Structure formats: structure tokens, C-alpha cells
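# A structural walkthrough
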Amino acid sequence: MSHTPAPASSEAGRETSRNTPEGSLTVGDVVALVEAAAPPGLAASWDSNGLICGDPADPVRSILLAVDPVAAVVDEAIDSDVDMIITHHPLYLRGTDHVAATDPKGRSIHRLIRAGIALLNAHTSLDAAHGGVAEALADRVGLTSTSPLEPDPASPDQGIGRIGVLPHPVTLRQLASDVAAVLPDSAPGLLVGGDLDAVVERIAVSGGAGDSLLQRAREAGADVFLTADLRHHPASEHLEEGRPYLLCGTHWATEWVGLEPLARRLEEGARSHGGSLAVQVSRIVTDPWVLRLSTGSDRA
């Protein structure tokens, strides 16, 4: 199921880089840079990470980073004339038996190949890594003394989520306001569950869907858990037992924050290999919701 390339693929990319224009890296070189930033061994067993389409020998001068490999991102990549897209989410999480242009994903593959654009993804490997999505989200919130919320068994200083402390205690209401100000905007915004006047200090975060970490955040002693995609019953039943209170952002917003740090690492990595990369972060909001309306007959 995983698209993660065999270990030899990155080496093959580096070998062919001698034949690319001076200062250029290959697709294979970029795969190696991404795997250094987001080691494949950190990925969840169910996940898909790696090169989805593209020739490891092809040169890469410019890259577009995005959360989702959707049609609007493909449009942006083609319009921007980049050589490669790196997304957080895989195109085919559960595999496929065809890539015919008879559905949106197949059409994206065909368009990318015709345009000579490679597609790579780093999902839970980037979530868990040093400098990845979880650390970026913790940094946005302003947490200090952070550690993984769910440590990786083989690398306990990395893992899913982070937990840390604020520079000084604040109310849940103030924290929610501060978090809303540092997340990129999307229609659903930020939901808040708990006592708004309660003082909080120890905060857990995890980008993307966080239902499975509710109990872990409680066991870690968090006052608040910031995540996304919380469902009604798990959130309600959790709050019945008290802290951690909940901040629920969108899946896209809580993971988009990991793209800019990755862009910097790729550019720095290219320079350290004697090459150069122009890496841009997509500002397209790929959250599925485009409008939020207040409900009720008495809404303003």
C-alpha cells in the first residue's frame, strides 16, 4: 500500500544528479531530502508516504508545498511552472488498482505526468518528525519544554503530537483567541469546549484528526488539547470527565502550519548539497468547507 520508495531510490537519484543542469537537484535528491526531514520509519503502519509519480532522474528547480493533492493544487503547480509538488496527504491512502482519467485522482495523475511534474507526499512521517507538523503547531501556540504526546517506540524524542507549557497561565478564552489568531483562516474557524474562565497552562497539540489521542492527552496531564476533526460523541463524553478542555480547528489549518518549516529545510538541504531549490507554499485553502453561517431563526 505504501508508496515509500525502496532505500536505493534516493541513492539512484543522487547518482543521476551529475547529468542535470548545474545547481539542479533531481526528484531522487528531493526524495532523500524529504526522507531526512521526515524519516519513513516514523510513519504509521497504515499510512502511505513517498513518491507517487515522477522519474527520480528528472531535474527539480522549483517545488510547491500543499496539504492536499487536489485539482486546485495541481492547477496552481501547472500555472506556477514548478517541477514537483510535495503534499502532506497521500493521493491514494488505501491504494488503487487503476489511474485512469475517469475520476478526479486519475485525472490529476494524468495532468501531472503530461506537465512533467512529480508528486511526493510525507504524511505521518512529517507529523512525528523533529521540526514537523506537531512541532510547528506547538511553536505557533507558543509552547515551551515540549515533548511528544505519543512517542515513537524506536525514537522516543519524536512522535505524534506534542505537549508543553505556555510562558504563563491564561484563561481558556484567552488561549482560544490566541490560537485562532495564529492559525490560517478557513470557514469553520475554531471550536472551543470547556470552562472559558478556567486558567490553563499545560497544552497538548496534534495536527489533523485527534479523536484517538483524547485519553492520551488526559493521561499526560494536559489542561487543553488542540487538534481537529473531533466528533460529537467522543468530544462530549470526554468533556463530561473534565480536563483537558478542547480546541478543535480544521484538519487543513492544523497541518498547513508544518509546510513553511519544511520549505526552509528543503532550501537549506539543497544548498548543503551544492544546489538550489525555489520552494513555495500554497495558500489555497483546501478545507472542504467554504462558508459558515450562524443558525437559528434569531441570528443576526
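Every value quoted in this text rests on a predicted model; they were computed, and no experiment measured them.

## Quick look at the overall build of the chain
Within the chain, the secondary structure is distributed over 11 helices and 13 strands. What you see for the chain is a C-alpha radius of gyration of 20 Å, in line with the 19 Å of a compact globule of 300 residues. Seen through its principal axes, the chain has C-alpha atoms that stretch 60 × 45 × 30 Å. Restricting the contact set of the chain to residue pairs at least 6 apart, pairs at least 24 apart contribute 66%. Counting only carbon and sulfur atoms, one obtains 52% of the accessible surface of the chain, whose full area is about 14100 Å². For the chain, the distance from the average site of its 22 positive side-chain charges to the average site of its 40 negative ones is 2 Å.

## Side note on the packing of aromatic side chains
Counting across every chain of the model gives 1 aromatic pair. Arranged with centres 6.2 Å apart and planes meeting at 40°, the rings of Trp 252 and Trp 256 form a pair that is tilted. One end of the pair is Trp 252 and the other is Trp 256, both in helix H10 (residues 251–256) and 4 residues apart, which spans about a single turn. Of the two residues, Trp 252 and Trp 256, both sit in the buried class.

## Thoughts on the environment of Ala 118
Take Ala 118: it is sitting in strand S6 (residues 118–121). C-alpha separation for the pair Ala 118 and Ile 86, spaced 32 residues apart in sequence, amounts to 8.4 Å. When sequence neighbours within four positions are dropped, the list of residues in contact with Ala 118 reads Val 27, Cys 53, Gly 54, Asp 83, Met 84 and Ile 85.

## Section: the packing of helix H2 (residues 27–37) against helix H11 (residues 259–272)
At a minimum axis distance of 10 Å, the contact between H2 and H11 shows a crossing angle of 125°. The angle between H2 and H11 places the two elements in the oblique class. Note that H2 runs across H11; the crossing there is right-handed. Packed against H2, whose contacting residues are Leu 33, Val 34, Ala 36 and Ala 37, the element H11 presents Leu 262, Arg 265, Leu 266, Gly 269 and Ala 270 at the interface. Taken together, the residues of the contact of H2 with H11 sort by class into 7 nonpolar, 1 polar and 1 charged.

## Details of helix H6 (residues 133–141)
If you check which residues of H6 are buried, you get Val 133, Ala 134, Ala 136, Leu 137, Ala 138 and Val 141. Once H6 finishes, Gly 142 follows within two positions and takes phi at roughly 90°, a positive value.

## Here's the deal with the sheet that holds strand S12 (residues 245–249)
Strands sit in the order S7-S8-S10-S11-S12-S9 across an open sheet of 6 strands; the sheet is mixed. The sheet terminates laterally at strand S7 (144–152) and strand S9 (191–193), the two strands that pair on one side only. Between one strand axis and the next, the sheet turns by 25° as a mean value, whatever way the strands run. Pairing of S9 with S12 involves 3 bridges; the strand directions are antiparallel. Bridge pairing in S12 places Leu 191 opposite Cys 248.

What counts as what
- Throughout this document, residue positions are counted from 1 along each chain, in the order its sequence is written.
- Local features in a predicted model are, by the rule used here, given only for residues with pLDDT of at least 70; side-chain atom pairs are given and counted only at 80 or more, and totals for whole chains, interfaces and linings are based on all residues.
- Side-chain descriptors were evaluated using all non-hydrogen atoms of the structure, hydrogens and water having been removed beforehand.
- Helix and strand assignments come from DSSP, with helices taken as H or I runs of at least 4 residues and strands as E runs of at least 2, each series counted from the N terminus.
- Our radius of gyration is a C-alpha quantity, and the globule rule it is checked against amounts to 2.2 Å times the number of residues to the power 0.38.
- Contact criterion: two residues are considered in contact whenever any of their non-hydrogen atoms come within 4.5 Å of each other.
- Under the convention used here, a 1.4 Å probe and the Shrake-Rupley method define accessible areas, while residue burial counts only the protein chains that appear.
- Charge assignment: positive for Lys and Arg, negative for Asp and Glu; neither His nor the chain ends contribute.
- The atom standing in for a charge is NZ when the residue is Lys, CZ when it is Arg, CG when it is Asp and CD when it is Glu.
- Between the rings of Phe, Tyr and Trp (Trp by its six-membered ring), a pair exists once the centres lie within 6.5 Å; its type follows the angle of the planes, with under 30 degrees stacked, over 60 edge-to-face, and the other angles tilted.
- For the exposure calls, accessible area comes from a 1.4 Å probe over protein chains only, and a residue counts as buried if that area is under 20% of its type's maximum, exposed if over 50%, partly exposed in between.
- Orientation is described by lines fitted to C-alpha atoms, with helices fitted over the stretch in contact, and by angles between N-to-C directions that extend from 0 to 180 degrees.
- These descriptions rest on fixed angle ranges, namely under 35 degrees for roughly parallel, over 145 for roughly antiparallel, 65 to 115 for roughly perpendicular, and the rest for oblique.
- Here is the rule for handedness: rotate from the far helix to the near one, and if that takes an anticlockwise turn smaller than a right angle the crossing is left-handed, while a clockwise turn gives right-handed.
- Residues are grouped as follows: nonpolar covers Ala, Val, Leu, Ile, Met, Phe, Trp, Tyr, Cys and Pro; charged covers Asp, Glu, Lys and Arg; every other residue, Gly included, is treated as polar.
- Strand pairing is assigned whenever DSSP identifies at least 2 bridges connecting the two strands.

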